[in-house]
Structure formats: C-alpha cells, structure tokens
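Topology and contacts: notes
One letter stands for each residue in the lines below.
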Amino acid sequence: MQAPRGATHMSSYILFLLLGLGSGAVYAVLGLGLVLKYRSAGVVDFAHGAVAMFCAYVFIELRSNGELQFPWIILPHQVRVASSSGLATAPSILITLVYAAVLGLVFYMTIYRPLRNAPALARVGASIGVMLALQAIAVLNYSTFAVSSPPILPATPVHVASLIVPSDRLYLAGLTVLVGFALAAIYRFTRFGLVTRAAVENERGAALLGHSASRIAAYNWVLATVLAAAAGILILPITTLNPGTYTLFIVPALGAALLGRFSSFSVVVIAGLVIGMLQSELVKLQTVWTWLPQQGLQDGLPFVIIMLAMVLLARRLSARGQITDVHNPAVGRPQRPAITAVSCVVVGIVALLVANTDYRSAIISSLIVACVCMSVVIITGYVGQISLAQNALAGISAFMLVHIAHGLGLGFPLGLILAALCAVVVGLLVGLPAVRVRGVNLAVTTLATAAALDALVFNNSSFSGGFTGLNVHAPHLFGLNLEPSASGVTFGIAVLVIVVLVGLFVARLRNGRLGRAFLAVRSNERAAASIGIDVARTKLFAFAIAAFIAGIGGGLLAYQQQNINSASFTLWTSLTILAITYVGGVGRITGAIAAGVLLASNGVMPTLLDNLFNFGQYQALIAGVALTLTAVANPDGVTQEMGRGFTQLRRAALRRVAGGRPPSTPPLAETPTTSGPPPVGAPR
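Computed from a predicted model, the values in this text were never measured in an experiment.

As for the overall build of the protein chain
Counting secondary structure elements, the protein chain contains 28 helices and 10 strands. Burial status across the protein chain gives 54% buried among its 684 residues. Sequence separation of at least 24 residues holds for 77% of the intrachain contacts in the protein chain that already meet a minimum separation of 6. Within the structure as shown, the protein chain displays about 28800 Å² of accessible surface, and the carbon and sulfur contribution to it stands at 66%.

Looking at the packing of helix α15 (residues 357–382) against helix α24 (residues 571–585)
Look at α15 against α24: their axes get within 9 Å of each other, and the N-to-C directions meet at 75°. Looking at the two axes, α15 sits roughly perpendicular to α24. Within the contact between the two elements, α15 uses Val369, Val372, Cys373, Val376, Val377 and Thr380 and α24 uses Ile577, Leu578, Ile580 and Thr581. Within the contact of α15 with α24, the residues separate by chemical class into eight nonpolar, two polar and no charged.

Some thoughts on the nonpolar core
Counting 210 residues, the largest nonpolar core has Phe46, Ile128 and Leu254 as its most contacted members. Excluding residues that lie within four positions of it along the chain, isoleucine 128 makes contacts with Phe46, Leu388, Leu575, Leu578 and Leu627.

Description of a nonpolar patch on the surface
Where nonpolar side chains cluster on the molecular surface, the patch consists of Val342, Val346, Val350, Leu353 and Val354 and spans about 480 Å² of accessible area. Accessibility expressed as a relative area gives 47% for valine 346, which makes it partly exposed.

Some remarks on the environment of alanine 213
Turning to its location among the elements, alanine 213 is positioned in helix α9 (residues 213–234). By relative accessible area, which is 12% here, alanine 213 ends up buried. A C-alpha to C-alpha distance of 9.7 Å links alanine 213 and arginine 116, two positions 97 residues apart in sequence.

Some remarks on the pattern of salt bridges
Going through the model one piece at a time under the given rule, you end up with four salt bridges. Between aspartate 45 and lysine 37 there is a salt bridge; the shortest N-O distance is 2.6 Å. Here the two residues aspartate 45 and lysine 37 agree in accessibility, since each one is buried.

Looking at the packing of aromatic side chains
Inspection of the entire model under this criterion finds 17 aromatic pairs. Measuring from ring centre to ring centre gives 5.8 Å for tyrosine 108 and tryptophan 221, while their planes differ by 40°; the resulting arrangement is tilted. Of the two residues, tyrosine 108 sits in helix α4 (residues 89–112) while tryptophan 221 sits in helix α9, which places them 113 residues apart along the sequence. For tyrosine 108, a relative accessible area of 0% gives the class buried. An aromatic cluster of at least three residues, connected via ring pairs, comprises Tyr187, Phe192, Tyr219 and Phe265.

Some thoughts on the confidence of the model for the protein chain
Confidence along the protein chain averages 83 in pLDDT terms, with 86% of residues attaining 70 or more. The weakest mean pLDDT in the protein chain belongs to strand β10 (residues 671–673) at 42; the strongest belongs to α4 at 94. Residue range residues 321–326 is modelled with pLDDT below 50. Its contacts to residues more than four positions away, or to other chains, number 14 contacts.

Focus on the side chain of histidine 48
The topology assignment puts histidine 48 in helix α3 (residues 48–65). Reaching out from histidine 48, the side chain makes a polar contact with the backbone oxygen of leucine 30 at a distance of 3.3 Å. With sequence-adjacent residues up to four places away left out, histidine 48 is seen in contact with Leu30, Gly33, Leu34, Lys37, Ala224, Ala228 and Ile250.

Let's talk about unusual backbone geometry
In this structure, proline 413 follows phenylalanine 412 across a cis peptide bond, with omega equal to 0°. With respect to the element layout, proline 413 can be found in the loop between α16 (390–407) and α17 (414–431). Even without a glycine there, the phi angle at arginine 261 is positive, about 55°. When you line up the elements, arginine 261 lands in the loop between α11 (250–259) and α12 (265–288). Judged by relative accessible area, which is 28%, arginine 261 ranks as partly exposed. Non-glycine residue phenylalanine 262 carries a positive phi angle of around 55°.

Quick notes on the packing of helix α20 (residues 489–511) against helix α21 (residues 513–523)
Interhelical geometry of α20 versus α21 gives an angle of 70° and a closest axis separation of 4 Å. With respect to their mutual orientation, α20 and α21 come out roughly perpendicular. Between α20 and α21, the contacting residues are Leu509, Arg510 and Asn511 on the first element and Leu514, Gly515, Arg516, Phe518 and Leu519 on the second.

Remarks on the state of the cysteines
Summed over the entire model, instances satisfying the criterion amount to zero disulfides. Cysteine cysteine 371 shares no disulfide, and the gap to the nearest cysteine sulfur, in cysteine 373, comes to 9.2 Å.

Comments concerning α15
Compared with the 38 Å implied by 1.5 Å per residue over 26 residues, the 36 Å span of α15 between its first and last C-alpha is a close match. Considering bend angle alone, the principal kink of α15 is centred on valine 376 and spans about 25°. The element α15 is largely enclosed, with a buried count of 22 among its 26 residues. Between the side-chain oxygen of the N-cap and the backbone nitrogen of aspartate 358 there are 3.2 Å, and the N-cap of α15 in question is asparagine 356. The first or second residue beyond α15 is glycine 384, which carries a positive phi of 75°.

Rules of the game
- Residues numbered from 1 in each chain as written.
- Predicted model: local features only at pLDDT ≥ 70, side-chain atom pairs only at ≥ 80, totals over all residues.
- Heavy atoms only, no water.
- Helix = DSSP H or I, 4+ residues; strand = E, 2+ residues; numbered from the N terminus.
- Buried < 20%, exposed > 50% of the residue type's maximum accessible area, 1.4 Å probe, protein only.
- Contact = heavy atoms within 4.5 Å.
- Areas by Shrake-Rupley, 256 points an atom, 1.4 Å probe, with all protein chains shown as cover.
- Axes fitted to C-alpha atoms, helices over the stretch in contact; angles between N-to-C directions.
- Parallel < 35°, antiparallel > 145°, perpendicular 65-115°, else oblique.
- Nonpolar A, V, L, I, M, F, W, Y, C, P; charged D, E, K, R; others polar.
- Core = buried A, V, L, I, M, F, W, Y, C linked by side-chain atoms within 4.5 Å.
- Patch = residues over 30% accessible without salt bridge, like charges linked within 9 Å, V, L, I, M, F, W, Y side chains within 5 Å.
- Salt bridge = Lys/Arg side-chain N within 4 Å of Asp/Glu carboxyl O.
- Phe/Tyr/Trp six-rings, centres within 6.5 Å; stacked < 30°, edge-to-face > 60°.
- pLDDT = per-residue confidence, 0-100.
- Polar contact = N/O pair within 3.5 Å; in protein donor to acceptor, adjacent residues only side chain to side chain.
- Disulfide = S-S within 2.5 Å.
- Expected span 1.5 Å × (residues − 1).
- Bend = angle between axes of the 7 residues up to and from the residue.

Shown next, in the form of structure tokens:
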C-alpha cells in the first residue's frame, strides 16, 4: 500500500534531519575538545578545526601511501612506515591518534603553556597563528584539491520507520553521545576529573594542594587533540577533505561550545547534533522555499546560534579561576604627528616616482593594507576589543562602492566616503555584542560574523557579481585621471595622501579625549565607568570609527584592483589582517605601517622576497608562524623591538659623542602605555 503523499512529504524532512547527524557529531566532538582546552588551559583554540584537518591528512596518507606526514615544509616531511599500498584502516587510525596526542602535547608545551598567564589577545593570536600555519602547510603539501576516503564505519542502509538512513550517521551520533557521557562521568566522579575541576575553579588553591595546573592542562590538551583527530577521521567518508572546509568546522563547534557555556558536555553534544541537523534541514528547505538564499545559508546558521548564545548567556559564560597579571600590548603615543605626516608624504612620493611598475603596485598595496590595519589598532590596540571581522567590513565597503557608483552615479571621493559609511552601519552591528562581552567571547562572535558575511553576502552573486566579480569605475578628481592601470603614480599619490590623513586622524584620536577614554575602557571597564565614561557608547564609537577606516581601505582596494570578487574578503583574509597587525604592533600606528610593508600579501617586502627567492607561496605560512612567535615571545610586536633597538643605538651614539659619559638629558622616544590604568581621566 502506497504511503499518503503528505506522509511522504513529511518523511523527507525527517530524513534530512537524520542525515545531518554525521556533521553534527563532528561539531559536537570538536566542541567537546574546545571545552576541555578552555576549562583546563583557558584557551579558546581557534586552531582546533585545523588540527582535525591535518590529522585527517595524516590518516589519508597512511591509508593510501603508507607514509607518516609531519607539519612542516621544504625539509623531508614524510616517513614511510608501510608499503606503498598503505596500511589497513585500523592501524592507520591508531597511529593517527597517537600522532595527534604527541602533536597536542608539543603544541601545548611550546605555545600555550607559556601563554597561561598572558592576556586574552595573546592567546587568541597564538591559536589563530597555528590555524593559519597548519592550513598553509596543508595547502603547500597536499594542494587544495578535495580528497575522499573509503567507508570507515558501516554504511549499510537502515530502515527507521519508513525512512532509509545510512547507518554511519547513526553510528557517529551514537559514538558522540557515548563520548559525551564518558567525559561527563570522568570529570564528575574520577580523581582526575575532580583535580581538573579544582584547578579550573581555583588554580592557586590547586597548586597549594600539590596539583600542577600545567600538567593537568597538558593531559586535557592531549585528550582534546585526540578527539579532534578522531572527529576529522570519522567524517571523511561523509564529506571531502580540503584545508578550507575542515578548518571552518571550528565555527559551528564554537557555537556548540558556547551553548554549553564551555562547561556542560551533555549540552555541547546536544547542541552540536542539533546544529548539524538544522544545517542539513536547510538544504531541504532551500528546495521548498526558493526565496531562501541558495548559497552560504548552512554556513551562516552557526552565526545565528553564536549570536543567540551571546545574547542569552553572556552573563553566564564560565570564567576560570586562573592566576593572571593582565598586561595589555603597549600603546604608542605619537610625537609631532603633523611633521611625521608631511615626512611620510614626501618619502612616499619619492618612492612612487622612483619605483618601477611592479614595486609601485606593491607600495600601493602596502598602504591600503596599512589603512585596514589601522582599524585593528583602534579597536584592538586602543580599546582592547578583539575583532576578527575588520577585513570583512572592508569588503562591504568595496562592493558597496560599485553599487553606489552604478546606482547613484557618485564617483571619487564621495562614493568612497558613502561606501565607508555603509561599512560603519555593519560595524555597529558587529560591535553590539561588545556591549555585553569582550575578550575571547567577542573574538568568537566576530569570527562567526566574518564567516557569515563571507558565506551569505560575499558569495551572493547579486551583491558580489559571482565568479566574475564586479568592475569598478576608475577614480577621477577635478578632471585628473587616477586610474591605476595608467602610470599608477597619480593613483599612488592619492592613496598615499588618504592613508596619511587616516594615520594623522588616528594619531590625533590617540592623543585626544576620546582616545584617553578608549585606553581607560581597555584598562578597566568598571574603573572607567566609575569616573563617568559611558563604556557601551565608547565601545560603539570605536567600532564605528574602526569600521569607517576599514571601509576606506576596502574602497581603495576596489579602485586598485578595478575588478573585485569575494576571494579578496574571505574569512582567512580577515584573520590574516589581525595576524599581521599583531605582529607589527597592534597598539601603534607604526605597527599598522610595518604590517602593510613587511607582511601584506602583495606588499613591498613579500614582493621583494618573491622576486628574489620565489617566497610568495609561503606568505600565509610566514604570517601564521610570525603571529604565533610574536604572541609567545613579544606581545608588543616588532615595532616595539625596533623602537628599543633604535633607542639603544641612539644612546650609544650620544655616549660616544659625550666621551663615554651618559647624556645629560634622555633622548626623545615614543612613550608606551603598558599595563595598568592610563594617566588620564574621563573626557570632559
């Protein structure tokens, strides 16, 4: 007897929900690992998905070629452990899990243990650096082509009521539930679990009782890394493996961990499974409700989950009882900004006139990236809010520039200003969660925002032009052709003047009343509020100003490229912007300039190295490694070290001039502001 049409229609919805159990199980297992790492070591590990990705590649290579892969490049990075036909599935899984345990221990001891008492920004920066480095290594060693795997779990069809479901989805969901219950039991009833909970609640008290918090965290980190590897392996037959997709599993996993408040294993399991099921159900709904976006909707769902979690649970997110001595990155105090601005214009014009076409384009690229990086200096360096969405805001401005030119007929510079104001609107929406949360929680929110903009907005062909992108009208000013494809000098000078004006504005802001309020909020929000500063309004001001500056940079990039598409504003470029700004010096204008010159992908130094040594393909890896090393060894960035070096050289020169006697007056130097409250009060 044939089932009624309505029943068949309803069963298809249920089928899609059940099919989502596979991906939901992966989100849940990754979320469990995130909980273990955060509760034991205080780190929200953004590299957790990248670790799962790399371990999946290790399994694939063992299974297909019999080679064990190592996370580095150029040097030999594989060792043959079996014949070229590869190992069987079970030994490959076992070796990969042991490999993951060693990898997790190495990462913790060399990177995250030294950062136990570091500020949130340093820990976020280190984890993003590891993520960028692992992804870059995977791209260099394995390319970006998708890789598939034969079945690991039984996949025979199973009849559930009137539905036929692949059994591997059910096995994955069942294993995930078992792992969740096992972890809950271990951390509630065993001595190891009780010691871990004690260290979480009161690290100093656990130390007095003879329990090493570092050793406890290392055990938990190893267990979390093994779970990540297991998740990466088990999902292989369901989805194809490539560096980008696997790494992005971190976003829904963070959503599940947030719903579990980084503490409840059972809630994390349920949340992960539900997110995967809802994503699968959206595939069905897209065929029924054709008005729904046909691209990126599944990737945008975790953003909604994370935003809801932040709104509903912001006051209840778990905090760790760690021993910390908060040290924010140093903030420079610009000296004589007007003279510096004029000098930069003169030097920049000379460089543009002397350079050939290739290096002239590199100079312009460095200036544009420095402009976007200055937005990070304001929001992260001055106000202490970790935003991973600044380059996404630049993308909003870039695409809006084209729509404004076509729709309103506005050219340069009015179109650029209006496009940047559009970025301000989105920037304020991004900054709204900052009223309630900060630190790693805000970093999670802005990461999800950048991922959602990438999936839903930049991949929307009606907004971004699809694969062909959008063509940008060449800028003209008072009849002067500023088209970059010409000599490039006039356009370069225009970009130089705009970026110098932005830098001058940031310098004036830093030295003014609003800048002092920014620093007060960064130092201590409660203390700032007690002296009359409206903390919420100050944060929103910062997000608006930073979004406008990022929008200016995005518009200039659109003018330079003349054709823009979504590839310029992916989630990875947003993460790279934070990475290179942090390396340059996130609290200094000179740090933004150094980031643009030394580390921008098409900037001066990478172009020089690429021409001399063909280093262009290693830019992402260099940025990731540099970010990690900077977070561990020098949180103040390279410009702080350069400043110290110049100060020492200057003092040595003065001593030589004075015949070995110390100078009577100390040399002028940029005055940093480090930890503690700034020497200013509220703006009047």
